Protein chains: 2
Amino acid sequence: MGVLEADFYIRGILASDRRVLAKAITLLESTRPEDQELAWRVQEGILPHSGGAMRIGISGAPGAGKSTFIEAFGMYLIGQGRRVAVLAIDPSSKRSGGSILGDKTRMLQLATHDRAFIRPSPTGDALGGVARKTRQTIPLLEAAGYDPIIVETVGVGQSETMAASMVDFFTLITTPNAGDDLQGIKRGIMELVHAILVNKADGAFEEQAKTARHILVRALELMHPPVPGWKVSVETVSSLREEGIGRYWEMVEAFRGEMVGSGQLAAERRRQARDWMWEMVEEELKRRFITNHQVSALLPGLEQAVIGGAVPPVVAASQLLDAHFGASRNLGAR
Amino acid sequence: MGVLEADFYIRGILASDRRVLAKAITLLESTRPEDQELAWRVQEGILPHSGGAMRIGISGAPGAGKSTFIEAFGMYLIGQGRRVAVLAIDPSSKRSGGSILGDKTRMLQLATHDRAFIRPSPTGDALGGVARKTRQTIPLLEAAGYDPIIVETVGVGQSETMAASMVDFFTLITTPNAGDDLQGIKRGIMELVHAILVNKADGAFEEQAKTARHILVRALELMHPPVPGWKVSVETVSSLREEGIGRYWEMVEAFRGEMVGSGQLAAERRRQARDWMWEMVEEELKRRFITNHQVSALLPGLEQAVIGGAVPPVVAASQLLDAHFGASRNLGAR
């Protein structure tokens, strides 16, 4: 029965049925155990048909113009005969609508186009949960024929790092004035990017955007690229005037060409799959640990004692592990 | 009996008895369960007397002149009336002697001085194990009156990140020619450093060192400092001519002054203790998982299936967790 139902989803996705696709994603996001079982079957079924799309991450501080850019970029891609999917990772998102893609009114043209598929950020208590659901959604979209898949993220917590770990091409969008002192560019982001776009390069900001671009190029010359041999580009774009969009897509295509040619893209996909498996295992091990009654009785007191300098971390860890496993101390015995 | 023995170690360490201190560190490094029990008692006993020293990390590629610098810096500190300890994190170290501090012949003066304590890198199968032992050794050295504690590390794997996480002031040593294109400076390191020293700024390299310094200063202007408000300095030094050493120490002292004054040092120590406790817990949870017979029977096949794209990561993770807990699937049920 589950097999039949899974087959319904798999065939619907492969036939690019939007309604079935949306239902399948909802299934992935469900926390009900019976839904999970079915979701896994669906994921197994579509796996051979996934992995082919370019996965693009778009990040940037609030106000950098991510949504406007994605709207312009998405419409450009549709003009090129492509079908585009947009996902979001927003840890601040709640059922009532988060700060990005919470409503689709910010991407009016794209949201109503039948060759675009936009999905707001899933909700979740932890960023890990939000990211996991987004990551699982990507293969479904690929199997349904969307390419590229765009993952939009805000600069909250580790959301960029998580987005970067699930895409092929990570892009930072910034505003002209951010270049001056790299304010508004979060520490560590520069090391993740494959490209930087200085947005709003129009009107009064045109000159300022060129200066920002120059400063960013200089900074990047002094950093190592995320992929050996790839030169990180900085381009000015105007979502308003729709300038620079085509140049950006050519850059992404050039990157894909290089990565596919060298076998790096395939290697990266394999590595991502393996890392992801371990990430899920480790999360669950920790969740079981924290929710163990013996552990949760000790944890607040011991954690405070460690923070206060009354108990060495190694002793606290050992006592917690004893509580969890009910075994004799053997943390150090290796 | 264990209490009496622990007391012997604790009193010996507090009395700065080098022989007892060395024995206590050996105890920490031991993998025998009975030694661990005793080691924990000792660590608990000395905890109230630790935490007062400045912890300095010194990193750099092979050939950057780390040992020569530490020799000159250590002797300078002794001249200032201080007692200095030098530890090493070298994942390539084997019982037969690793690539750094494997023999003490490279720090001849310091190694024989009675106000210096040098300890080679502990051996370990995994970098995590090597780092853990080094981290546990620091409070013992502090209780014995050493200040500063210098942690030397090579640029292998994650060793710098681990060293940076256990020190207050992380310093990169580089050579004059590294500045040109930042070659030889590992990706991600620039973000961790509190200071950069361009070594060998003497003889034929003097001009080149100045150029390298200039390029590095420019690069740092475009990055965020590891601590808000702290300006990362780049200084040229000559271990040979003993130039720049005093200036470097003044920089470290200024940093300590700021950090203590603002309460950031204390906050950082609390955070480190807490992180470390969790790190040990997570390592042990993963070790138990991997060594579980049911899991280890499935793991190689499932991991390959995930890498090969035959099984979705979420399904593999769930099957492994089932094997471990012998429970019904409930990974997604949260």
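Residues numbered from 1 in each chain as written. Chains lettered and ligands numbered in written order. Predicted model: local features only at pLDDT ≥ 70, side-chain atom pairs only at ≥ 80, totals over all residues. Heavy atoms only, no water.

### Let's talk about the overall build of chain A
Here is step 1 of the chain: Tallying secondary structure elements over chain A gives 12 helices and 7 strands in all.
Here is step 2 of the chain: Relative to its full complement of 334 residues, chain A shows a buried share of 55%.
Here is step 3 of the chain: Excluding contacts between residues fewer than 6 apart, the proportion of contacts in chain A whose partners are at least 24 apart in sequence is 74%.
Here is step 4 of the chain: Accessible surface for chain A amounts to roughly 13800 Å². Of this, 53% is attributable to carbon and sulfur atoms. (Helix = DSSP H or I, 4+ residues; strand = E, 2+ residues; numbered from the N terminus. Buried < 20%, exposed > 50% of the residue type's maximum accessible area, 1.4 Å probe, protein only. Contact = heavy atoms within 4.5 Å. Areas by Shrake-Rupley, 256 points an atom, 1.4 Å probe, with all protein chains shown as cover.)

### A word on the packing of aromatic side chains
Here is step 1 of the chain: Within the structure shown, the criterion is met by 22 aromatic pairs over all chains.
Here is step 2 of the chain: Their ring planes at 75° and their centres at 5.5 Å tell us that A:Phe69 and A:Tyr248 sit as a pair that is edge-to-face. Of this pair, A:Phe69 sits in helix α4 (residues 66-79) while A:Tyr248 is found in helix α9 (residues 245-262), placing the two residues 179 residues apart along the sequence. For the pair A:Phe69 and A:Tyr248, one class covers both residues: buried.
Here is step 3 of the chain: Judged by centre distance (5.5 Å) and plane angle (15°), the rings of B:Phe69 and B:Phe73 are stacked. On the criterion of helical spacing, the pair formed by B:Phe69 and B:Phe73 is a turn pair, its members being 4 residues apart in helix α4 (residues 66-79). In terms of burial, B:Phe69 and B:Phe73 fall into one category: buried. (Phe/Tyr/Trp six-rings, centres within 6.5 Å; stacked < 30°, edge-to-face > 60°.)

### Focus: the relation of the copies chain B and chain A
Here is step 1 of the chain: Rotating chain B by 180° and moving it 0.0 Å along the rotation axis overlays it on chain A with an RMSD of 0.0 Å. Those values place the two copies in the arrangement expected of a two-fold rotation axis.
Here is step 2 of the chain: Taken as a fraction of all interface residues of chain B, those also at the interface in chain A reach 100%, which identifies the copy contact as same-surface. (Least-squares fit on C-alpha atoms with pLDDT ≥ 70 in both.)

### Observations concerning the nonpolar core
Here is step 1 of the chain: Of all hydrophobic cores here, the largest spans 162 residues; its most connected members are A:Phe69, A:Tyr248, B:Phe69 and B:Tyr248.
Here is step 2 of the chain: Residue contacts for A:Phe69: discarding those within four places in its chain leaves A:Ile58, A:Ile173, A:Leu197, A:Asn199, A:Val237, A:Ser239, A:Ile245 and A:Tyr248.
Here is step 3 of the chain: Within the second largest apolar cluster, 44 residues are counted, among which are A:Leu320, B:Val281, B:Ala305 and B:Leu320. (Core = buried A, V, L, I, M, F, W, Y, C linked by side-chain atoms within 4.5 Å.)

### Some details on the domain arrangement of chain A
Here is step 1 of the chain: Domain assignment breaks chain A into domain 1 (1-49), domain 2 (51-262) and domain 3 (292-333).
Here is step 2 of the chain: For domain 1 of chain A and domain 3 of chain A, the distance between their C-alpha centroids amounts to 42 Å. (Domains from an automatic or database assignment.)

### Points about the interface of chain B and chain A
Here is step 1 of the chain: With 65 residues of chain B at the interface, the matching set in chain A holds 65 residues.
Here is step 2 of the chain: The partner of B:Arg274 in a salt bridge is A:Glu303, and the shortest N-O contact between them spans 2.7 Å.
Here is step 3 of the chain: Where chain B packs against chain A, one counts 6 residue pairs in polar contact (both at pLDDT 80 or more).
Here is step 4 of the chain: Only α3 (33-46), α6 (127-143), α8 (206-221), α10 (264-291), α11 (293-307) and α12 (313-325) of chain B provide two or more residues apiece to the side of chain B that touches chain A.
Here is step 5 of the chain: For the side of chain B that touches chain A, the element with the most residues is α10(B), which contributes 17 residues.
Here is step 6 of the chain: Classifying every residue of the side of chain B that touches chain A gives 37 nonpolar, 11 polar and 17 charged. (Salt bridge = Lys/Arg side-chain N within 4 Å of Asp/Glu carboxyl O. Polar contact = N/O pair within 3.5 Å; in protein donor to acceptor, adjacent residues only side chain to side chain. Nonpolar A, V, L, I, M, F, W, Y, C, P; charged D, E, K, R; others polar.)

### Things to note about the pairing of strand β2 (residues 84-89) of chain B
All names here are of chain B.
Here is step 1 of the chain: Across the 6 residues of β2, 6 count as buried, placing the element largely inside the fold.
Here is step 2 of the chain: Going residue by residue along β2, you find Val84, Val86 and Ala88 tucked away on one face and Ala85, Leu87 and Ile89 tucked away on the opposite face as well.
Here is step 3 of the chain: For β2 and strand β3 (residues 116-118), the ladder comprises 3 bridges, and the chain directions are parallel. What sits directly across from Val86, in β3, is Ile118.
Here is step 4 of the chain: Here β2 pairs with strand β4 (residues 149-153) via 5 bridges, running parallel. In the sheet register, Leu87 faces β4, and the bridge partner there is Val151. (Pairing = 2+ DSSP bridges.)

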